[in-house]
Amino acid sequence: MARSRILNAAAGGLFLATAVVGEAAALDGKAVFAEKCASCHNITGPASTTFHGVLQRKAPDLFYAGSKFQREWLVRWLQSPSRIRPSGTMFLNHLVTEDGKDRIDEGAVKPCASRLSAAESEAVADYLMTHRDAKMRAGVVDRDKKFSTSRALQLFTKQYPCVGCHRVRVRDKETGGVSGPALTDASERLNPDWVYARIENPQYWDPKTWMPKIDLSHEKREILTLFLVSRK
Ligand code: HEC
Ligand code: HEC
C-alpha cells in the first residue's frame, strides 16, 4: 500500500516534469517573434541603405543575431532588458538644443519592449541564433589570449576615436560618449569574432552607420576586441 502510493507519487512527479518540458518544446520561437518583436526589429535583412531608412529604424537589426550575440545573454536579457544605447537606436532622434547647446534627451529614450517569460526567451533565443551571417570568419579571436590593457586603452581612447561614441569601464569607472551602444557588458553580450568583424568593416553590417571604417592592422584590431570581450 505505502509502496504503491510512493510509486504513484513518483509517477505523478514524472508526469509533471514531462508536461513542463513539453510546454517549452512546443513554443515556436519564430511565431513568438512574429507576434511580439517583428513590429520593431528587422529579422529578414538587408539593412537599410539610405540615411532616411536609418532615421526611421525603430530598433536594431536582428537578421545576423546568431553571429552577434551570446545565447545565454539573450535568454536573460529578453526577460528584462536593460538599456544598451544611451541615445536610442538613432541618436539624432533624441537630440535637443537648449541655449544653443546640443544634448541627448536620455529620458525620452525607450528601452527594448521585450518582456518574455523564461520559456519564451529560450525559444526566441534559439530562433535568433539561427540567423547567422554566412561570410563571417569564426575562430579569429581567442578571448583568453593575454593582452596589454594600457596599450588597448591608448588605442581606444587616444589614438582612435572609439571612446567618443562608446561607453566603457576603465578602472571601475564608466567613461565615454553616447552616440553608439555602450560596450560595458560586451564580454557577456557579444560574440568576440563578431566584435572583430564589426570593427573591421562597420558598413558591411550597416551601410549607413556613422561608425567610421578605420584601417587597422590585425594586431590592433585584435587588442581592441580583447579589451572589449575578455572575461573581467
Ligand atoms: C516597441 C519596439 C520594440 C519591440 C516590440 C521589441 N524591441 Fe527589441 N529593441 C528595441 C529597441 C529600441 C532596442 C534598443 C535598446 C537599447 O539599445 O537599449 C532593442 C534592442 C533589442 C536587442 C538588442 C539588440 C542589439 O543590437 O543590441 C535584442 C536582442 C532585442 N531587442 C530583441 C527583441 C525581441 C526578441 C523582442 C520581442 C520579444 C523585441 N526585441 C521587441 C525595440 C523593440
Ligand atoms: C562616430 C561614432 C563612433 C566611433 C568613433 C566608433 N564607433 Fe563603434 N559604433 C558606433 C555605432 C553607431 C555603432 C552601431 C550602432 C547600433 O548598433 O545601433 C557602433 C558599433 C560598435 C560595436 C558593436 C557594438 C554593439 O553592441 O552593437 C563595436 C564593438 C564597436 N562599435 C567598437 C568600436 C571601436 C573599437 C571603435 C574605435 C576603433 C569605434 N567603435 C568607433 C559608433 C562609433
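Draft legend 1. Looking closely at the coordination of the iron atom of ligand 2. Taken together, His166 (NE2) and Met211 (SD) make up the protein donors of the iron atom of ligand 2, found 2.0 to 2.2 Å from the metal. Relative to the metal, the six donor atoms surrounding the iron atom of ligand 2 lie at angles of 85 to 179°, and the coordination shape comes out octahedral. With histidine 166 in the loop between α7 (149-159) and β3 (168-170) and methionine 211 in the loop between α10 (202-205) and α11 (218-229), this pair connects stretches of sequence that are 45 residues apart. Given the relative accessible area of 12%, histidine 166 is considered buried.

Draft legend 2. Main features of the site of ligand 2. The environment of ligand 2 is formed by 21 residues, the closest being Arg85, Cys162, Cys165, His166 and Met211. Interatomic distance of 2.8 Å between a side-chain N/O atom of lysine 68 and an oxygen atom of ligand 2. Histidine 166 has a polar side-chain atom sitting 2.8 Å from a nitrogen atom of ligand 2. The element best represented in the shell around ligand 2 is helix α9 (residues 192-200), accounting for four residues. Here the residues of the shell around ligand 2 sort into 15 nonpolar, two polar and four charged.

Draft legend 3. Representation of helix α6 (residues 118-129). An ideal rise of 1.5 Å per residue puts 16 Å on 12 residues; α6 measures up with 16 Å between its terminal C-alpha atoms. All buried positions along α6 are accounted for by Glu120, Ser121, Ala123, Val124, Ala125, Tyr127, Leu128 and Met129.

Draft legend 4. Up close: the site of ligand 1. Of all residues adjacent to ligand 1, which total 24 residues, the nearest are Cys37, Cys40, His41, Ile84 and Cys112. A distance of 2.7 Å is found between an oxygen atom of ligand 1 and a side-chain nitrogen or oxygen belonging to arginine 85. Arginine 189 is positioned such that a nitrogen or oxygen atom in its side chain is 3.4 Å from an oxygen atom of ligand 1. Of the residues that constitute the shell around ligand 1, the class distribution is 14 nonpolar, three polar and seven charged.

The rules we used
- Residues numbered from 1 in each chain as written.
- Chains lettered and ligands numbered in written order.
- Predicted model: local features only at pLDDT ≥ 70, side-chain atom pairs only at ≥ 80, totals over all residues.
- Heavy atoms only, no water.
- Donors = N, O, S within 2.8 Å, 3.2 Å for Na, K, Ca; no water.
- Tetrahedral: all angles 85-135°; square planar, octahedral: opposite > 155°, others 65-115°.
- Helix = DSSP H or I, 4+ residues; strand = E, 2+ residues; numbered from the N terminus.
- Buried < 20%, exposed > 50% of the residue type's maximum accessible area, 1.4 Å probe, protein only.
- Near = heavy atom within 4 Å.
- Polar contact = N/O pair within 3.5 Å; in protein donor to acceptor, adjacent residues only side chain to side chain.
- Nonpolar A, V, L, I, M, F, W, Y, C, P; charged D, E, K, R; others polar.
- Expected span 1.5 Å × (residues − 1).

The analysis is restricted to geometry; functional conclusions fall outside its scope.
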